[in-house]
Amino acid sequence: MGPAPRRIGKLAQAAVTVLGIVALAVSGVAALAFPAQAAGPTVVSLTFDDGNADQMAAAQILNNYGLDGTFYIPSGNINNAGYMTVADLQGLAANGHEIAGHTVTHADLTTLPADEVTRQVCNDRVNLTNWGFRVTSFAYPFSAVNSAVQTAVRDCGYNSARALGDIQSRFGCSGCAWAESVPPLNPFRTAALDQVDSPWTLADFQNSVTRAESVGGWVQFTFHHISATPGPLSISPTLFTQFASWLKTRPATTTVKTVDQVIGGTLKPAVSGPAVPPPPSGNLVKNPSLETLLNGVPQCWQAAGYGTNSRTFTTVSPGRTGSVAERLVVTGYVNGDARLLPSLDLGGCSPAATPGHTYTLGAWYKSTANTQFALYYRTGLGYWAYWTSSPWFAPATTFQKASWTTPALPSGASGISFGLNLFSNGTLTTDDYEMIDTASSPPPPPPPPAGTNLVQNASLETAGAGSTPQCWQTAGFGTNTATFSTVSTARTGTKAERLAVSNYSSGDAKLLQTLDAGSCAPAAVAGRTYSLRAWYTSTTVTQFAVYYRNSAGTWVYWTSSPWFAAAGSYTQAAFTTPALPAGATAISFGLNLFRNGTLVTDDYAMYDTIGAPSL
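Residues numbered from 1 in each chain as written. Predicted model: local features only at pLDDT ≥ 70, side-chain atom pairs only at ≥ 80, totals over all residues. Heavy atoms only, no water.

**As for the environment of Gln220**
Next up, step 1: Here Gln220 lies in strand S6 (residues 217-223).
Next up, step 2: Relative accessible area serves as the criterion here: at 0%, Gln220 is assigned to the buried category.
Next up, step 3: For the pair Gln220 and Arg498, spaced 278 residues apart in sequence, the C-alpha to C-alpha distance is 66 Å.
Next up, step 4: Once residues within four sequence positions are removed from consideration, Gln220 is found in contact with Ser45, Thr47, Tyr72, Arg162, Thr190, Ala191, Ala192, Leu193 and Val259. (Helix = DSSP H or I, 4+ residues; strand = E, 2+ residues; numbered from the N terminus. Buried < 20%, exposed > 50% of the residue type's maximum accessible area, 1.4 Å probe, protein only. Contact = heavy atoms within 4.5 Å.)

Next comes the structure, spelled out in structure tokens:
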């Protein structure tokens, strides 16, 4: 994963996601007129973040014009798809470019515990040093920095650290200086222009230099992608060539230098960060209830997403437990997703995991749309790769538990990060996460007492999405027109479900308990038999259609009951299943229509036949 830094203003940080940024779309302007002769020496630094492979095109352009750049490298990304290799970095250094630090996993340091901050900063410098580079300069991922983070960077042996957005341009920081001083007032928060993104024009580059020349000082540019493929953080090789060519024509008082050349100082020894503590027993998630906040964000958690959609993350109160939960709102959805994840770090926050093991994931949620777990794993020095996703969990208006067991963790992986996501417009609130190694899982809870109705929201009173009650879903197959609606002609309470089928040719339609991974579908035990019950009125015959969830977590059709006759007033349908097949873990059932007609249902029940109440 290659998250891009967010644009940071002088007085406030904009909320961002890990995998995207919204650029300000401002029309280009002509180059402003400034005195041809600079007021004092001016230094330009061309810096590149994240180690993206397409920056090698920029390096070749710099080489062509005899210019040197500074490349800020998250070492965990190196030798992975879309990023540079160690050989690429060695080629850059051999041509006079500077290799600099950017944390191991591109982590937002202001959201991490102190030990993880030190690991991220120090171990990145150790990795780069071990590859043979002189490493003295650092850049804060997302430009996220506070005094404690600055201290950690200094203690890891760096001589400077770059922020973003503290030099005035047409993209922000109105009233700020045109250039940073040399030497900077604070070498561990040097001022730089907003990051370069797609709206930048040649005039913007030229204006930024000529304004600095009017006062003298240092101006830093920050690039991410130099590519012919358009993107929010990308400019074309043609535009970059035009800027490099123009820079070469500036007066002798304007020079292009690496950050190390500007700051100077001795090369300090590389210092390793602290070891990751052993994982706890039981729940492996840190800050699982999101109660510990750092800068208003749950510590050890990060917002993430990709694709074209607008996503907003906020903490809300109260939570399911405690005083904090996290709310995600997605609007303007075209593609991609958004989610909250344990920080993609080196282990101070992300749950440790063992190759070959499987893990039970859990989270409590409310949602206006379908959601699912999105999973990532850490490998190598600290590279995070997408792994897999769970089945969908249905919308819910009250907190429901999503639960799913992963496949075996791939070889070479050392950590897992996961979170419930939205992949459509909607609102999702989450709390109380858990991840438990199945090899050390506590024994399952005792079965419910005999005679317990295993159906959730059995009387359909709690509303879900649209006309579907919470923990229920509509289903059907074949050629027919099925219409589901909530009606007030209930047997008990105020709600029942009405199904009308017209234009029937084949198949059926029915309301079922949600075919999910465990938060709604009634749990069941292989080998047991179950009494299924529901009250109905119908203009035609109906029957129970019954499904079970197998050991692989897949829902399969199981059986159907005998027919129940049409009924003008509420009548109870009842059916006892055969023994549940081996490996099955849950049942879902519902009365159906398999011809034109109208069916109203209410007051469902499922009992283990041992201890089931009399009909």
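The discussion continues.
**Let's talk about the nonpolar core**
Most often, soluble globular proteins keep nonpolar side chains buried together rather than apart.
Next up, step 1: Core analysis: the largest hydrophobic core is formed by 96 residues, its most contacted members being Phe221, Phe223 and Phe373.
Next up, step 2: No other element matches helix H6 (residues 237-247), which puts 6 residues into this core. (Core = buried A, V, L, I, M, F, W, Y, C linked by side-chain atoms within 4.5 Å.)

**With respect to the sheet that holds strand S23 (residues 481-487)**
Next up, step 1: Ordered by their spatial adjacency, 5 strands build an open sheet running S23-S24-S31-S26-S29, and the pairing between neighbours is antiparallel. The open sheet has two edge strands, S23 and strand S29 (567-576), and neither has a second partner. When the angles between neighbouring strand axes are averaged without regard to direction, this sheet yields 25°.
Next up, step 2: With 5 bridges joining them, strand S24 (residues 496-502) and strand S31 (residues 597-608) adopt antiparallel strand pairing. Counterpart to Arg498 in the pairing with S31 is Val600. (Pairing = 2+ DSSP bridges. Axes fitted to C-alpha atoms, helices over the stretch in contact; angles between N-to-C directions.)

**Some thoughts on the packing of aromatic side chains**
Next up, step 1: Summed over all chains, the structure comprises 31 aromatic pairs.
Next up, step 2: Where Trp472 meets Tyr604, the ring centres are 4.6 Å apart and the plane angle is 55°; that geometry is what we call tilted. Note that Trp472 is positioned in strand S22 (residues 472-477) and Tyr604 in strand S31, a separation of 132 residues in sequence. Each member of the pair, Trp472 as well as Tyr604, is classed as buried.
Next up, step 3: The ring of Trp364 is capped by Arg320, whose NZ or CZ atom sits 3.6 Å from the centre of that ring.
Next up, step 4: Lying across the ring of Trp563, Arg595 places its NZ or CZ 5.4 Å from the centre. (Phe/Tyr/Trp six-rings, centres within 6.5 Å; stacked < 30°, edge-to-face > 60°. Lys NZ or Arg CZ within 6 Å of the ring centre and 35° of its normal.)

**Observations regarding the pairing of strand S14 (residues 325-331)**
Next up, step 1: In this structure, strand S13 (residues 310-316) lies alongside S14, joined through 7 bridges in antiparallel fashion. Counted as the bridge partner of Phe313 is Leu328 from S14.
Next up, step 2: As defined by bridge partners, S14 adjoins strand S21 (residues 426-437) across 5 bridges and the pair is classed as antiparallel. What sits directly across from Arg327, in S21, is Thr429.

**Overview of the environment of Val329**
Next up, step 1: Looking at the element boundaries, Val329 is found in strand S14.
Next up, step 2: Those residues in contact with Val329 that sit more than four places away from it in its chain are Ser310, Arg311, Thr312, Gly426 and Thr427.

**Digging into helix H5 (residues 202-215)**
The periodicity of an α-helix, 3.6 residues per turn, causes residues three or four places apart in sequence to face the same way.
Next up, step 1: Compared with the 20 Å implied by 1.5 Å per residue over 14 residues, the 21 Å span of H5 between its first and last C-alpha is a close match.
Next up, step 2: Of all 14 residues making up H5, 11 are buried, and the element is well covered by its neighbours.
Next up, step 3: Taken together, the buried positions of H5 are occupied by Ala203, Asp204, Phe205, Gln206, Asn207, Ser208, Val209, Thr210, Arg211, Ala212 and Glu213.
Next up, step 4: Structurally, H5 contributes buried residues whose contacts are with strand S1 (42-49), S6, strand S8 (234-235), H6 and strand S9 (254-256).
Next up, step 5: A positive phi of about 80° marks Gly216, the residue just after H5. (Expected span 1.5 Å × (residues − 1).)

**What to know about the side chain of Asp49**
Next up, step 1: Here Asp49 shows up in strand S1.
Next up, step 2: Within the structure, the side chain of Asp49 is placed 2.8 Å from the side chain of Arg162, a separation counted as a polar contact. (Polar contact = N/O pair within 3.5 Å; in protein donor to acceptor, adjacent residues only side chain to side chain.)

**Some thoughts on helix H4 (residues 147-155)**
Next up, step 1: By the burial criterion, the buried members of H4 are Val149, Gln150, Ala152 and Val153. Taken down its axis, H4 places every buried residue within 160° of arc, on the same side. Exposed and facing more than 90 degrees away from the buried side of H4 are Ser147 and Ala148.
Next up, step 2: Along its buried surface, H4 packs onto helix H3 (114-130), strand S4 (137-139) and strand S5 (160-162). (Arc of directions from axis to C-beta.)

**Regarding the sheet that holds strand S17 (residues 371-379)**
Next up, step 1: The strand order S12-S15-S20-S17-S18 describes an open sheet built from 5 strands, whose pairing is antiparallel. The sheet is open, and its two borders are formed by strand S12 (301-306) and strand S18 (383-389), each paired with just one other strand. Averaged over all pairs of adjacent strands, the angle between their axes in this sheet comes to 30°, without regard to strand direction.
Next up, step 2: Both S12 and strand S15 (residues 337-342) contribute to a ladder of 6 bridges, which runs antiparallel. Bridge pairing in S15 links Ala304 to Arg339.

**Let's talk about unusual backbone geometry**
Next up, step 1: The omega angle of the peptide bond from Val182 to Pro183 is 0°, so this bond is cis rather than trans.
Next up, step 2: Within the element layout of this structure, Pro183 appears in the loop between S5 and H5.
Next up, step 3: Cis geometry marks the peptide bond from Ser317 to Pro318, where omega comes out at 0°.
Next up, step 4: Here Pro318 lies in the loop between S13 and S14.
Next up, step 5: One non-glycine residue, Cys471, lies in positive phi territory at about 75°.
Next up, step 6: With respect to the helices and strands, the residue Cys471 is situated in the loop between S21 and S22.

**Notes on the state of the cysteines**
Next up, step 1: Inspection of the entire model under this criterion finds 4 disulfides.
Next up, step 2: Covalent S-S linkage joins Cys173 and Cys176, the inter-sulfur distance amounting to 1.9 Å. Between Cys173 and Cys176, the disulfide has an S-S torsion of -55° and is therefore left-handed.
Next up, step 3: On the accessibility criterion, Cys173 (11% relative accessible area) is buried.
Next up, step 4: For Cys176, a relative accessible area of 9% gives the class buried.
Next up, step 5: Through a disulfide, Cys471 is tied to Cys520; the S-S separation comes to 2.1 Å. Since a negative S-S torsion denotes a left-handed disulfide, the Cys471-Cys520 link at about -60° is left-handed. (Disulfide = S-S within 2.5 Å.)

**Things to note about the confidence of the model for the protein**
Next up, step 1: Here the protein averages 92 in pLDDT, while 94% of its residues score no lower than 70.
Next up, step 2: The model gives residues 1-38 a pLDDT under 50, and that stretch makes 112 contacts with residues more than four places away or in other chains. (pLDDT = per-residue confidence, 0-100.)

**Overview of the packing of helix H1 (residues 55-65) against H6**
Next up, step 1: Contact geometry of H1 with H6 gives a least axis separation of 10 Å together with a crossing angle of 25°. In terms of orientation, H1 lies roughly parallel with respect to H6. Here H1 runs over H6; the crossing is right-handed. In contact with Ala58, Ile61, Leu62 and Tyr65 of H1, H6 contributes Pro237, Phe240, Thr241, Ala244 and Ser245.
Next up, step 2: Tallied by class, residues from the contact of H1 with H6 come to 7 nonpolar, 2 polar and no charged. (Parallel < 35°, antiparallel > 145°, perpendicular 65-115°, else oblique. Left-handed = near helix turned anticlockwise from the far one by under 90°. Nonpolar A, V, L, I, M, F, W, Y, C, P; charged D, E, K, R; others polar.)

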